[in-house]
Amino acid sequence: MDRLSTGVPVMIHLETHIKQDEDVSDYRLDVDGQLVQMGSNLYLRYLEPNKETGEQTPVTMKFTPDGEVHLTRKAEAELRLHFVSGKRVTARYNTPYGIMPIETVTPYLETSFQEKPFSGNVKIDYLLYANDDLVGNYKIRLQFTA
C-alpha cells in the first residue's frame with residue numbers, strides 16, 4: 001500500500017438508486033479514478049460526466065478509519081455529504097444563491113477494502129433532508145479495483 005501515498009489508478013463501477021416522492025431513477029457509471037492515502041484516510045477521486053452538457057464534475061469520497069464516509073461534488077453548486085452509520089448528520093449544499101443546510105440519515109453503511117489486488121466495496125443507504133423535509137431516499141453501491 002506504499003503506492004497509495006502518490007496515488008493509484010483505479011477502475012470504478014458506481015450504481016445509484018434514487019427515490020424522490022414517487023419518482024424512482026437508477027444511475028450507472030463506469031469510470032477511471034484515483035485512490036490516494038493521506039494520513040490514515042483514503043480518498044477516491046473521479047470525474048463524473050454530464051451527458052447533456054459534456055462537462056465533468058469532480059467527485060471525492062473520503063474514507064476514515066472509523067468507517068465514516070464524506071462525499072464532495074464540486075459543480076456549480078458544491079455538495080458535501082457526511083455519512084455516519086445510524087446517525088443524522090448536518091451537511092452543506094453550497095448553491096450560487098447561498099448555503100443550504102441539509103442533513104443525511106444513514107441507516108446502512110458498509111465499506112470493505114482488500115490489498116491484493118487493491119480494491120474496495122462501498123454500500124451506503126441514506127435519507128436526505130432539507131428543512132426537516134425528506135428530499136429523497138438514496139442507495140449508493142460502488143466498487144473499485146486497482
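So, here is what we can say about the structure in this document. Being a predicted model, the structure only gives us computed values, none of them experimental.

### Topic: the pairing of strand β3 (residues 41-49)
Here strand β2 (residues 23-38) pairs with β3 via six bridges, running antiparallel. Following the sheet pairing, L35 is matched in β3 by L44. Between β2 and β3, which pair antiparallel and follow one another directly, the connecting turn spans two residues, one of which, G39, has a positive phi of 65°. By the bridge criterion, eight bridges tie β3 to strand β4 (residues 56-63) in an arrangement that is antiparallel. When the sheet's bridge partners are listed, L44 is paired in β4 with M61.

### Quick word on the pairing of strand β7 (residues 88-95)
The pairing of strand β6 (residues 78-83) with β7 spans three bridges and is classified as antiparallel. Residue pairing in the sheet places L79 in a bridge with Y93 of β7. Following β6, the chain reverses through four residues before pairing antiparallel with β7; G86 in that reversal takes a positive phi of roughly 75°. Here eight bridges tie β7 to strand β8 (residues 98-114), and the two strands are oriented antiparallel to one another. Residue pairing in the sheet places R92 in a bridge with P101 of β8.

### A look at the nonpolar core
Core analysis: the largest hydrophobic core is formed by 31 residues, its most contacted members being L44, M61, L81 and I124. A per-element tally of this core places strand β9 (residues 119-130) first, with five residues. Apart from the residues lying within four places of it in its own chain, the contact partners of L44 are V10, I12, Q34, L35, V59, T60, M61, F63, L142 and F144.

Rules behind the numbers
Residues numbered from 1 in each chain as written. Predicted model: local features only at pLDDT ≥ 70, side-chain atom pairs only at ≥ 80, totals over all residues. Heavy atoms only, no water. Pairing = 2+ DSSP bridges. Helix = DSSP H or I, 4+ residues; strand = E, 2+ residues; numbered from the N terminus. Core = buried A, V, L, I, M, F, W, Y, C linked by side-chain atoms within 4.5 Å. Buried < 20%, exposed > 50% of the residue type's maximum accessible area, 1.4 Å probe, protein only. Contact = heavy atoms within 4.5 Å.

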